[in-house]
Amino acid sequence: MSNKAVQHTCVFGMGWGDEGKGKLVDLLYPAFHAVVRFNGGANAGHTVCVGKEKFALHLLPTGVLHESAVGVIGPGVVVDPIGLLEEIDGLAARGINVSPKLKISQRAHLVMPYHKAEDNLSEQNATGATRIGTTARGIGPCYADKMRRTTAIRFIDLLNDENLEARVRELSQKRAAALKAIYGDDGGLDIESIVRDVLLAKKRLSSNICDTTSFLHETINAGQAILFEGANGILLDIDHGTYPFVTSSSTGPHGIGPGAGVPPACVTRYIAVTKAYSTRVGSGPFVTELKDDIGDRIRKAGNEFGTTTGRPRRCGWFDAVSSRYARQITGATDIALMHLDTLSGFDEVGVCVAYRHEGKTLTTMPTDAATLEQCEPVIEYRPGWHENLRTVRRYEDLPQTTRDYVEHIESLVGAPVSILGVGPDRSQTLIRGPLKDSIDVPEPASL
Ligand code: GDP
Ligand code: IMO
Ligand code: MG
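Residues numbered from 1 in each chain as written. Chains lettered and ligands numbered in written order. Predicted model: local features only at pLDDT ≥ 70, side-chain atom pairs only at ≥ 80, totals over all residues. Heavy atoms only, no water.

## Quick notes on the site of ligand 1
The cut-off we apply is this: Note on definitions. A residue lies near a molecule or strand when any single heavy atom of the residue is within 4 Å of it. Distance and chemistry together define a polar contact, namely a pair of N or O atoms within 3.5 Å, with one atom able to donate a hydrogen and the other to accept it when in protein, and with adjacent residues in sequence counting only for side-chain atoms on both sides. Accessible areas in this description were obtained via Shrake-Rupley with a 1.4 Å probe; residue shielding takes into account the shown protein chains only. Secondary structure counts use DSSP, requiring at least four H or I residues in a row for a helix and at least two E residues in a row for a strand, with both numbered from the N terminus. Polar here means any residue other than Ala, Val, Leu, Ile, Met, Phe, Trp, Tyr, Cys and Pro, which are nonpolar, and Asp, Glu, Lys and Arg, which are charged; Gly is therefore polar.
Taken together, 21 residues lie near ligand 1, and K21, G45, T47, T307 and D341 sit nearest. Between ligand 1 and E19, the relevant distance is 3.0 Å, taken from an oxygen atom to a main-chain nitrogen or oxygen of the residue. D341 places a side-chain nitrogen or oxygen 2.7 Å from a nitrogen atom of ligand 1. Across the complex, the protein chains shield 95% of the 580 Å² of accessible surface that ligand 1 would expose by itself. Those elements that provide at least two residues to the shell around ligand 1 are α1 (21-28) and β3 (46-50). Its residues assigned to classes, the shell around ligand 1 comprises four nonpolar, ten polar and seven charged.

Have a look at this one:
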């Protein structure tokens, strides 16, 4: 454990998700006692590569891959219990037993099959402007039920509700009827199998369900550090993202209060993860998108295909306008700039420094998606690099042009780039500047 001052830390996405949060959490977790998911659900897909092993985590906090860290699923997460059991069983089949160190908040909500059915049907029946391109994991419908209150199921209900079976049956029947009325299709819901699955989840997960809020406060009082693992990204945030093409939760450090029950002021280090270029999956505005050979080249070099859905990710140049906005609303103290290796081989690398809209130059993020759709990027080209960066382990050993690019991004976004990714493996990460001295990153146990 670290002998440095305890700093509770949040790792979150600065863009539209898939920035490399999983890799970073996997690298940092040995300095922390607990790793906490506080938002989203199985829409997340966090990849960890260690040697030849590759893991994709959707609901489990990334730290649970390793023995030392406790994994916490906080009150703000929406959990598909069967998906969670599949994830637990999938890891068990690979020799990793996460159950003993997994804590699920009694306050977290269950994603039910009818949420997933509604997500699918609503997308299938939407026209262009209203099709969000969701991950079909039932996230939006589940959060809607949470806000509606009377139709929601929480993990505490698995423990305490004596009428659980009857309630699940009734809610499922009503929802199947509602879907049929709206879409002419009940989504193929099998009511009795839904009831059986909830009872199975109750049986298998009861020992993991607890008051995670008390656990986290005990951890803080004991002087042990906590790592909060954001899911999705700031530009997908329900309040601050490119609405309505967003997810349904608070995706940044501001989500820690409601999503974990820990005052955000306890958290003093906010690491915003981004790529050295931009990507997006699903619909919605993407000002720097490259619908050309360059975009294809980035997708191929970066293996840009969704971890959760396998969809090809849209690719474009780094967007300093949206990144600065993300930095402002989150108070990011550090930037982790991933995938620098992916940009090797370009003679020139573009950075978007402003948007053009109806003859005006914008340096702040417009609020509505329709305006963003019409914006043109103002791209500044900088010299690229051709060296293979994957074996570089010290910042000083990066090519001068790469370092110039990194430092240019720092000045445009307004926060230090303290972490750099030069490949998918945990070892292909550089830490520089004050962060290096304020965090102990012991070599994690190999998997
Ligand atoms: P997350 O959702 O933010 O955890 O990101 P994903 O795991 O969905 O997507 C990030 C992808 O980039 C994964 O395939 C990672 O293995 C990979 N990755 C992360 N950092 C780097 C990097 O610095 N270079 C390269 N080439 N790949 C990286
Ligand atoms: P991680 O944690 C990338 C996107 C979906 C869609 C929109 C709404 O791996 O970075 P939802 O299913 O949440 O209702 O979909 O948000 N989206 C993500 N894109 N990475 C993610 O998570 C995402 N989570 C949601 O593609 O556009
Ligand atoms: Mg992902």
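## A few points about the pattern of salt bridges
Close approach of charged atoms allows side chains with opposite charge to pair. Going by this rule: A side-chain nitrogen of Lys or Arg and a carboxyl oxygen of Asp or Glu constitute a salt bridge if their distance falls within 4 Å.
Under the definition given, this model contains 24 salt bridges. One salt bridge in this structure joins R313 and D18, with 3.0 Å as the shortest N-O distance. With R313 in the loop between α10 (293-301) and β13 (314-316) and D18 in the loop between β1 (8-13) and α1, the pair connects residues that are 295 residues apart, well separated along the chain. Through salt bridges with shared partners, a single network forms among D18, K275, E304 and R313.

## Regarding the domain arrangement of the chain
Spelled out, the test is: Boundaries of every domain are those given by an automatic assignment or by a domain database. Throughout, a residue-residue contact means that at least one pair of heavy atoms, one from each residue, lies within 4.5 Å. Once two parts are put together, the accessible area they lose, assessed with a 1.4 Å probe and summed over both, is termed the buried area.
For the chain, the assigned domains read domain 1 (8-94 + 212-437) and domain 2 (109-208). Computed from C-alpha atoms alone, the centre-to-centre distance between domain 1 and domain 2 is 29 Å. Contacts between domain 1 and domain 2 engage 28 residues on the former and 22 residues on the latter. Between domain 1 and domain 2, the buried area comes to about 2,000 Å², and carbon and sulfur atoms account for 61% of it. If you sort the residues of domain 1 by the area they bury against domain 2, V78, P81 and L85 come out on top, with a joint share of 26%. Seen at the junction of domain 1 and domain 2, the total is two salt bridges. D89 is paired through a salt bridge with R204; the nearest N and O atoms lie 2.8 Å apart. Applying the counting criterion to the domain 1 and domain 2 interface returns ten residue pairs in polar contact (both at pLDDT 80 or more). At the level of secondary structure, the elements contributing two or more residues to the side of domain 1 that touches domain 2 comprise β6 (78-79) and α2 (81-93).

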